[in-house]
Amino acid sequence: MFERFRQWRRERVLATHALPDPLWDEAVAMLSFLDIYDEDERAALRDRVVLFLAEKGIVGAQDFEVTPLMRVVIAIQACVLILKLPPDAYAGWTNVVVYPDEFRPKIEYEDENGVVHLRDHEIAGEAWQGGPVLLSWADVERSRDFETAGMNLVIHEFAHKLDMQNGAADGVPLLRPGMRADEWRRIADTTYAAFVADVEAWEAKGEPPDGEPLIDPYAADAPEEFFAVCSEVFFAAPDVLRDAYPDYYRLLARYYGQDPAARYDAADAAGAAPAAAH
Ligand SMILES: [Zn+2]
């Protein structure tokens, strides 16, 4: 009954909140990793974006004016993760707060020893359990092209949101039917340990093997950061993750219900590889 009502409501929102074509086209053109999505996938993504924008507030902090284009650019990247996940994957919270640049949230937090601190450094983004996602627009803008930035801030923070669907972020999101938590942990723990060992080896030598690390060493900080960073790579440079950690890539592919690296393979086979392949 409630599901039928929710479905009716979603259809009503889609019918009444259409995005203007020029706005959609401009936003898509800013996100080169969408080149590999076909027309049907883009149409499905657009529906998700319309629903997202109807449900969430994307509001400016510090008098920052969030334009319609910024809203759509943020919403597209947030919705790429949930394209094949249930429609309520981002339920339970309301706002995305956009700062002009890096920011220092005026919140206190408690460390593992029970000591309360005021945050003492500036950050580019943060996801709160049951609360907002905070983003620096300057960093959204800088990281929309993974190839030059080596990261994608919006995908990172929204991966944390998915991880928080089943409690505090720990690198294990709410799994889809048929996926087992023990299997997830086995693959994720093994891959994470291998990555941490790689990062330690780079640090001992002073640099990663080929100059630039392909997966941000920040992923070695904690299992939840590994999940969020690898989710960025999964969507924005999928063949990098598939080559480096195929088991973990397949795990994410099952969870997200998408196989982005296969899209590149198909484009390669057709002789029409998109410009932004890495
Ligand atoms: Zn993080």
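These numbers come from a predicted model, not from an experiment.

**Considerations on the coordination of the zinc ion**
Within the first shell, the zinc ion binds the protein through His156 (NE2), His160 (NE2), Glu225 (OE) and Glu225 (OE), at distances of 2.0 to 2.7 Å. Given 4 donor atoms and angles of 52 to 145° at the metal, the environment of the zinc ion is assigned as irregular. In the primary sequence, the donor residues of the zinc ion line up as H-x3-H-x64-E. One end of the pair, His156, and the other, His160, are both in helix H7 (residues 153–163), 4 residues apart, so they sit about a helical turn from each other. Neither residue differs from the other here; His156 and His160 are each classed as buried.

**Digging into the environment of Asn152**
Inspection of the secondary structure assignment puts Asn152 in the loop between helix H6 (146–149) and H7. As a C-alpha pair, Asn152 and Val233 span 81 residues in sequence and 8.2 Å in three-dimensional space. Excluding residues within four positions of it along the chain, Asn152 makes contact with Phe33, Gln77, Ser143, Arg144, Phe146 and Glu232. Polar contacts involving the side chain of Asn152 include one to the main-chain amide nitrogen of Ile155, which spans 2.8 Å.

**As for the packing of helix H9 (residues 223–236) against helix H11 (residues 246–256)**
One can describe the packing of H9 onto H11 by two numbers: an axis separation of 11 Å at closest approach and a directional angle of 80°. The orientation of H9 with respect to H11, classified from their angle, is roughly perpendicular. The segment H9 lies against H11, with Phe226, Phe227, Cys230, Ser231, Phe234 and Phe235 engaging Tyr248, Tyr249, Leu252, Ala253, Tyr255 and Tyr256. When grouped by side-chain class, the residues that make up the contact of H9 with H11 number 11 nonpolar, 1 polar and no charged.

**A word on the pairing of strand E6 (residues 133–136)**
Residues Val133 and Leu135 of E6 are buried on one face, and the alternating residues Leu134 and Ser136, pointing to the opposite face, are buried as well. Alignment of strand E2 (residues 95–99) against E6, held across 4 bridges, turns out to be parallel. Within E6, the residue paired with Val96 across the bridge is Val133. Taking the residues between adjacent antiparallel strands as the criterion, strand E5 (residues 125–127) and E6 are bridged by 5 residues, where Gly130 takes a positive phi near 70°.

**A look at the environment of Pro105**
Note on placement: Pro105 falls in the loop between E2 and strand E3 (108–110). Take Pro105: its relative accessible area is 4%, and that puts it in the buried class.

**Notes on the pattern of salt bridges**
Any two side chains of opposite charge can pair, on the condition that their charged atoms come close. The full count for this structure, using the stated rule, is 9 salt bridges. Among the ionic pairs, Asp265 bridges to Arg242, the shortest N-O distance being 2.8 Å. With Asp265 in helix H12 (residues 260–269) and Arg242 in helix H10 (residues 238–244), the pair connects residues that are 23 residues apart, well separated along the chain. When its relative accessible area of 35% is taken as the criterion, Asp265 is described as partly exposed. By sharing partners, the salt bridges in this structure join Asp101, Asp139 and Arg142 into a single network.

The rules we used
Residues numbered from 1 in each chain as written. Predicted model: local features only at pLDDT ≥ 70, side-chain atom pairs only at ≥ 80, totals over all residues. Heavy atoms only, no water. Donors = N, O, S within 2.8 Å, 3.2 Å for Na, K, Ca; no water. Tetrahedral: all angles 85-135°; square planar, octahedral: opposite > 155°, others 65-115°. Helix = DSSP H or I, 4+ residues; strand = E, 2+ residues; numbered from the N terminus. Buried < 20%, exposed > 50% of the residue type's maximum accessible area, 1.4 Å probe, protein only. Contact = heavy atoms within 4.5 Å. Polar contact = N/O pair within 3.5 Å; in protein donor to acceptor, adjacent residues only side chain to side chain. Axes fitted to C-alpha atoms, helices over the stretch in contact; angles between N-to-C directions. Parallel < 35°, antiparallel > 145°, perpendicular 65-115°, else oblique. Nonpolar A, V, L, I, M, F, W, Y, C, P; charged D, E, K, R; others polar. Pairing = 2+ DSSP bridges. Salt bridge = Lys/Arg side-chain N within 4 Å of Asp/Glu carboxyl O.

Take it as geometry only, folks, not as evidence of what the structure does.
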